[in-house]
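Listed below are the residues making up each chain.
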Amino acid sequence: MDGIALLTITVLAVFVGFEVVSKVSSTLHTPLMSGANAIHGIILVGAIIVAGQAADPWVLAVALVAVVLATANLVGGFVVTDRMLHMFHAKKDPVKAGAQPQAGSK
């Protein structure tokens, strides 16, 4: 494939991905992020394999950049998923948790 065809496929994939993700309801974002994290893990493993088998220095450089970006994407996905899961935790009642009521409160 020539460069124009690859660029066209990439641009179309970006548009389709944006449309698919923007239509997801907020209750499904956590499972979607978990699935995306699994995909990013596979991408990270592939980037590490490419970096390990690189013969040319420029291929090694691009592979190492891919490893760094895939790692950042994977960690960021887990951070976002963790923050989203914390939104579903119930607020603790201080009286039920064993805390003493503040002085001056009834």
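Here, every reference points to the structure presented above.
These lines cover the structure that appears in this document, whether it is placed above or below.

What counts, and at which threshold
- Residues numbered from 1 in each chain as written.
- Predicted model: local features only at pLDDT ≥ 70, side-chain atom pairs only at ≥ 80, totals over all residues.
- Heavy atoms only, no water.
- Helix = DSSP H or I, 4+ residues; strand = E, 2+ residues; numbered from the N terminus.
- Contact = heavy atoms within 4.5 Å.
- Areas by Shrake-Rupley, 256 points an atom, 1.4 Å probe, with all protein chains shown as cover.
- Core = buried A, V, L, I, M, F, W, Y, C linked by side-chain atoms within 4.5 Å.
- Buried < 20%, exposed > 50% of the residue type's maximum accessible area, 1.4 Å probe, protein only.

Let us now look at the overall build of the protein chain. Within the protein chain, the secondary structure is distributed over three helices and zero strands. In the protein chain, the succession of helices and strands from N to C terminus is α-α-α. By sequence separation, contacts in the protein chain at least 24 residues apart represent 60% of the contacts at least 6 residues apart. Here the protein chain has roughly 8,600 Å² of accessible surface; of this, 73% comes from carbon and sulfur atoms.

Further remarks concern the nonpolar core. In this structure, Leu44, Ala47, Val67, Ala70 and Leu74 together form the largest nonpolar core, which totals five residues. Elements supplying a minimum of two residues to this core: helix 2 (29-52) and helix 3 (57-86). At three residues, the largest contribution of residues to this core is made by helix 3. Ignoring anything within four residues of it in the chain, the contact list for Ala70 reads Ile43 and Leu44.

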